[in-house]
Amino acid sequence: MTRHRLHRPPRLCLWLALLTVGPTAGAATLEDALTGALERAGPLEETELPAASSWLSGVPTLSASYVDSQEPLGTDEAEVSLNLPIKSAARRRLDGELEAQASDSAAAAAAYRRWLYAGQVREAAWTHRLAALDLAAARERHSLLAGLNERLGRLADSGAIPRYTALITARSLIDAELAVDEAERALAREATLFQSLTGLSSLPADLAEASPPPTAPDWQRHPALRRLEAARAQEATQLALSAPATASWNLSLIAREFEGPQLTEDQYGLAIEMPLNFLGTQSSSNRSQQSAARRDYLIARDQLWLSLRRQWDTLRAEAAHLERRRALLGEAAVLADRIEAQVTALEASNEIEAELRLQRLLDVLDTRAALARTEALIGRNAAGLRQAAGRPL
């Protein structure tokens, strides 16, 4: 009679190997996965906008007029003028600031986008890893039950044990098969989601990141806050450009012709319309817009900071809980190894009932699976802390 035995490396080596081995060989790195996700998302700007004029604040206009005299000795008048809206010194200065802010905003948007997709890649990869661990645990449980079911079935047929013991094992085996089927479906779903996000058919072989988890976030360099600050700077400059103090000059090039019975005369000249900015006139609507924009920005900044801070504090508390859980499960795993050895010894001397043996071996598997899953949860938590602190891949 062949006994069903489980041979495992010491101290959960088989379980913990799943934390560093991906589901398929030749998998990409997390950075490659992020690159694939960004490529699938496409560029932020597809076309380059034309450069703005350094002197003109708008489109030049051309005006023409003709006045026909109804008097016999009257003079007809024709006039053509080219009107050029010229930027004031204040407007040129603000336009220069806006150009620099546009570059800063583009860089902030790119950093924010990379950080955003890094969070999606991290979550998808670690969720897949957890699903793989759940499947491994379900398969090992099924393997144990399958061996016991075959052995106890033979013993029940020979009358060595009650039939109900074999029936209980057979029922547990069906539950284990259902658990394997559900775990396989969950793993396939996570693999599909990862491929849809990154375009890669396999996951990274190693999900560990080189940099240690941050001890505290650097809020000033956080991509989400930088993006908000860049948008606020652009908005403030655009509102300043619409203020009366930055009104443009208007330069007109004029050509006139006077034609009469006795005289024809051509005239050429310039006309300048210059706003008196030194008077400091302020528009009530513009001032109201600037105040409202600043209030909206401060509220948005507070909401974002509180959200990021709450996420950071939650993850820190979770990290402490997981470390404590790992320590306790480590102790439980050592005891589980000793229990398994005792169960095997008692089984050899027929001093333990089959049902009790089954329960004890399943408890051993559950302890090892819980420890392996906790290790993966600690890895996911560390990735979440990097994400909350604003660190991209």
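Small disclaimer: the values here were computed from a predicted structure and weren't measured.

Cut-offs applied
Residues numbered from 1 in each chain as written. Predicted model: local features only at pLDDT ≥ 70, side-chain atom pairs only at ≥ 80, totals over all residues. Heavy atoms only, no water. Helix = DSSP H or I, 4+ residues; strand = E, 2+ residues; numbered from the N terminus. Buried < 20%, exposed > 50% of the residue type's maximum accessible area, 1.4 Å probe, protein only. Contact = heavy atoms within 4.5 Å. Areas by Shrake-Rupley, 256 points an atom, 1.4 Å probe, with all protein chains shown as cover. Pairing = 2+ DSSP bridges. Axes fitted to C-alpha atoms, helices over the stretch in contact; angles between N-to-C directions. Expected span 1.5 Å × (residues − 1). Patch = residues over 30% accessible without salt bridge, like charges linked within 9 Å, V, L, I, M, F, W, Y side chains within 5 Å. Salt bridge = Lys/Arg side-chain N within 4 Å of Asp/Glu carboxyl O. Lys, Arg positive; Asp, Glu negative; His and termini not counted. Charge placed at Lys NZ, Arg CZ, Asp CG, Glu CD. Phe/Tyr/Trp six-rings, centres within 6.5 Å; stacked < 30°, edge-to-face > 60°. Parallel < 35°, antiparallel > 145°, perpendicular 65-115°, else oblique. Left-handed = near helix turned anticlockwise from the far one by under 90°. Nonpolar A, V, L, I, M, F, W, Y, C, P; charged D, E, K, R; others polar. Polar contact = N/O pair within 3.5 Å; in protein donor to acceptor, adjacent residues only side chain to side chain.

Visitor: What exactly am I supposed to notice about the overall build of the protein chain here?
Guide: The number of helices and strands found in the protein chain is 7 helices and 4 strands. Burial statistics for the protein chain: of 393 residues in total, 36% are counted as buried. Contacts in the protein chain between residues far apart in sequence, at least 24 positions, make up 83% of those at least 6 positions apart. Surface accessibility of the protein chain: about 23,100 Å² in total, with carbon and sulfur atoms responsible for 55%.

Visitor: For this particular structure, what's the right way to read the sheet that holds strand E2 (residues 76-86)?
Guide: Pairing within the open sheet is antiparallel, and its 4 strands lie in the order E1-E2-E3-E4. Sheet topology places strand E1 (61-67) and strand E4 (264-273) at the edges, where each strand pairs with a single neighbour. Put simply, the sheet's adjacent strands are angled 15° from each other on average, direction ignored. With 7 bridges joining them, E1 and E2 adopt antiparallel strand pairing.

Visitor: Help me understand helix H3 (residues 89-158), please; the structure alone is not making it clear to me.
Guide: Two residues of an α-helix separated by three or four positions point the same way, owing to the 3.6 residues in each turn. Over its 70 residues, H3 extends 103 Å from the first C-alpha to the last, a length consistent with the 104 Å expected when each residue adds 1.5 Å. Among the residues trailing H3, Gly-159 stands out with phi positive, at a value near 85°.

Visitor: Whenever I open this one, the side chain of Gln-387 confuses me. Can you help?
Guide: Assignment of secondary structure puts Gln-387 in helix H7 (residues 354-388). Among residues more than four places away in sequence, those in contact with Gln-387 are Trp-115, Leu-116, Ala-118, Gly-119, Arg-122 and His-222.

Visitor: When you look at a nonpolar patch on the surface in this model, what are you seeing that I'm missing?
Guide: A cluster of nonpolar side chains, namely Leu-62, Val-80, Leu-82, Leu-253 and Leu-270, defines an oily patch on the protein surface of about 470 Å² accessible area. We classify Leu-62 as exposed; its relative accessible area is 65%.

Visitor: In this structure, what is going on with a negative patch on the surface? I would like to understand it.
Guide: On the surface, Glu-257, Glu-259, Glu-265 and Asp-266 cluster together to form a negatively charged patch. For the negative patch, the secondary structure elements donating two or more residues are strand E3 (249-259) and E4. As for its position among the elements, Asp-266 is in strand E4. Judged by its relative accessible area of 45%, Asp-266 falls in the partly exposed class.

Visitor: Help me out: how do you make sense of the packing of aromatic side chains in this one?
Guide: By convention here, two paired aromatic rings are described through the distance between centres and the angle between planes. Counting across every chain of the model gives 2 aromatic pairs. Ring geometry for Tyr-112 versus Trp-115: centroids 5.7 Å apart, planes at 45°, classification tilted. One end of the pair, Tyr-112, and the other, Trp-115, are both in helix H3, 3 residues apart, so they sit about a helical turn from each other.

Visitor: Any chance you could explain the packing of H3 against helix H4 (residues 163-198) here in plain terms?
Guide: Describing two packed helices takes the angle between their axes plus the distance from one axis to the other. As a packed pair, H3 and H4 sit with axes 7 Å apart at the nearest point and diverge in direction by 160°. With respect to H4, the axis of H3 lies roughly antiparallel. The chirality of how H3 crosses H4 is left-handed. When grouped by side-chain class, the residues that make up the contact of H3 with H4 number 25 nonpolar, 10 polar and 7 charged.

Visitor: Any chance you could explain the pattern of salt bridges here in plain terms?
Guide: Opposite charge on two side chains makes pairing possible when the charged atoms of those side chains draw close. Considering all chains together, one arrives at 21 salt bridges under this definition. For Arg-93, the salt bridge goes to Glu-97, with nearest N and O atoms at 3.2 Å. A residue pair is termed a helical-turn pair when its members lie 3 or 4 positions apart in one helix, as Arg-93 and Glu-97 do in helix H3 at 4 residues. A salt bridge links Arg-373 to Asp-134; the shortest N-O distance between them is 2.8 Å. Pair noted here: Arg-373 is in helix H7 and Asp-134 is in helix H3, with a separation of 239 residues, a long-range link. Here Arg-373 falls in the partly exposed class, since its relative accessible area comes to 30%. Among the charged side chains, a salt-bridge network with shared partners connects Arg-122, Glu-209 and Arg-386.

Visitor: What is the right way to read the packing of helix H2 (residues 30-41) against H4 from this model?
Guide: Across the interface, H2 lies against H4 with an axial gap of 6 Å and an inter-helix angle of 65°. Contacts between H2 and H4 involve Ala-33, Gly-36, Ala-37 and Arg-40 on the former and, on the latter, Phe-194, Gln-195, Ser-196, Leu-197 and Thr-198.

Visitor: What's the story with the pairing of E3 in this structure? I'm lost.
Guide: Where a strand is regular, its side chains alternate between the two sheet faces. Across 11 bridges, E2 lies against E3 in antiparallel orientation. Looking at E3, one finds that Val-80 is bridged to Ala-255. In this structure, E3 lies alongside E4, joined through 10 bridges in antiparallel fashion. By the bridge assignment, Ile-254 is partnered in E4 with Gly-269. Remark: 4 residues form the turn of the hairpin made by E3 and E4, two consecutive strands paired antiparallel.

Visitor: Could you clarify how one ought to interpret the environment of Asn-83 in this entry?
Guide: Mapped onto the fold, Asn-83 is located in strand E2. In this structure the C-alpha to C-alpha distance between Asn-83 and Ile-272, which are 189 residues apart in sequence, comes to 9.5 Å. Once residues within four sequence positions are removed from consideration, Asn-83 is found in contact with Pro-60, Thr-61, Ser-63, Asn-250, Leu-251 and Ser-252. Of the polar contacts made by the side chain of Asn-83, one reaches the side chain of Ser-252; its length is 2.7 Å.

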